[in-house]
Amino acid sequence: MSEGSPADVAVREGLFTVAADGSCHLLGGRCARCGEHHFPRTATCPYCSADEVTEVPLSETGTLFAWTAVTAPPPGYRGAVPFGFGVVELPERIRVITRISEPEPSRLRRGQTMRLEIVPLHEDEDGRPVVTYSFGPVET
Ligand SMILES: [Zn+2]
């Protein structure tokens, strides 16, 4: 259930891609020397400091590790509150700090499957939707 489209404005360049068919991926880094993944991608590997990092699309689904609800807007934040916030573990052995699409903590459980989606955050000065990444529960 992705609401993103290639015409939307990403909250920050280089964090994720949205294909024409609506499928989306976070863009991580993979180190050619040690093989570890990381997100967001950095020029050097955070594990071994090698600069042999290539950009790779990360898995669309992961498992919920930790979560909470943010009820007061952080400084500079222009989106709606409350919103969910937490940590999702991806198969690449990365824990991604992320927005969580379900704002009610009691509706979530540890280890449940979460899927990446691109969600509207606010509109920019030209009225274009600014979007960001979020993980939402997969109905099972
Ligand atoms: Zn490395």
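Rules and cut-offs
Residues numbered from 1 in each chain as written. Predicted model: local features only at pLDDT ≥ 70, side-chain atom pairs only at ≥ 80, totals over all residues. Helix = DSSP H or I, 4+ residues; strand = E, 2+ residues; numbered from the N terminus. Rg over C-alpha atoms; globule rule 2.2 N^0.38 Å. Buried ≥ 20, exposed ≤ 12 C-beta atoms within 10 Å, placed from the backbone. Contact = placed C-beta atoms within 7 Å. Core = buried A, V, L, I, M, F, W, Y, C linked by C-beta atoms within 7 Å. Pairing = 2+ DSSP bridges.

Below, the discussion takes up the overall build of the protein. A tally of helices and strands in the protein yields 0 helices and 10 strands. When the helices and strands of the protein are listed from N to C terminus, the series reads β-β-β-β-β-β-β-β-β-β. Since a compact globule built from 140 residues should have a radius of gyration of about 14 Å, the 15 Å found for the protein is in line with a globular shape. Seen along its three principal axes, the alpha-carbon backbone of the protein occupies a region of about 40 × 40 × 35 Å. Residue burial in the protein is summarised as follows: out of 140 residues, 24% are buried. Restricting to contacts in the protein with at least 6 residues of sequence separation, those with at least 24 account for 48%.

Along the chain, the position of Phe39 falls in the loop between strand S4 (37–38) and strand S5 (53–57). As for Phe39 and Glu92, which are separated by 53 residues in sequence, their C-alpha atoms are 10 Å apart. Ignoring any residue separated from it by four or fewer positions in sequence, one finds Phe39 in contact with Leu26, Gly28, Leu58, Ile94 and Val96.

Next up on the list: the nonpolar core. Core analysis: the biggest nonpolar cluster contains 19 residues, and Phe16, Leu26, Val88 and Ile118 have the highest contact counts within it. Counting residues per element, the ones that place at least two in this core are strand S2 (16–18), strand S3 (24–31), strand S6 (61–70), strand S7 (83–90), strand S8 (94–100), strand S9 (113–123) and strand S10 (129–137). No other element matches S9, which puts 4 residues into this core. Discounting residues that sit within four places of it in the chain, Val88 has contacts with Gly62, Thr63, Leu64, Phe65, Val96, Thr98, Met114 and Phe135.

What follows covers the environment of Thr17. Locating Thr17 in the fold gives a position in strand S2. By C-beta crowding, Thr17 is classed as partly exposed, having 16 other C-beta atoms within 10 Å. Between the alpha carbons of Thr17 and Pro57 there is a distance of 8.2 Å; along the sequence they are 40 residues apart. Look past the residues within four positions of Thr17 in its chain and what remains in contact with it is Cys24, His25, Leu27 and Pro57.

Further remarks concern unusual backbone geometry. The linkage connecting Phe39 with the following residue, Pro40, adopts the cis geometry, with an omega of -10°. Inspection of the secondary structure assignment puts Pro40 in the loop between S4 and S5. Put simply, Val81 and Pro82 share a cis peptide bond, and its omega is -5°. Of note, Pro82 is situated in the loop between S6 and S7. With a phi close to 65°, Arg93 is a non-glycine residue in the positive phi region. Structurally, Arg93 is set in the loop between S7 and S8. With 9 C-beta atoms counted inside 10 Å, the residue Arg93 sits in the exposed group.

Across 3 bridges, S6 lies against S9 in antiparallel orientation. Bridge pairing in S9 places Thr63 opposite Thr113. In this sheet, S10 lies alongside S9 in antiparallel orientation, the contact comprising 9 bridges. Within S10, the position partnered with Leu116 by the bridge is Phe135.

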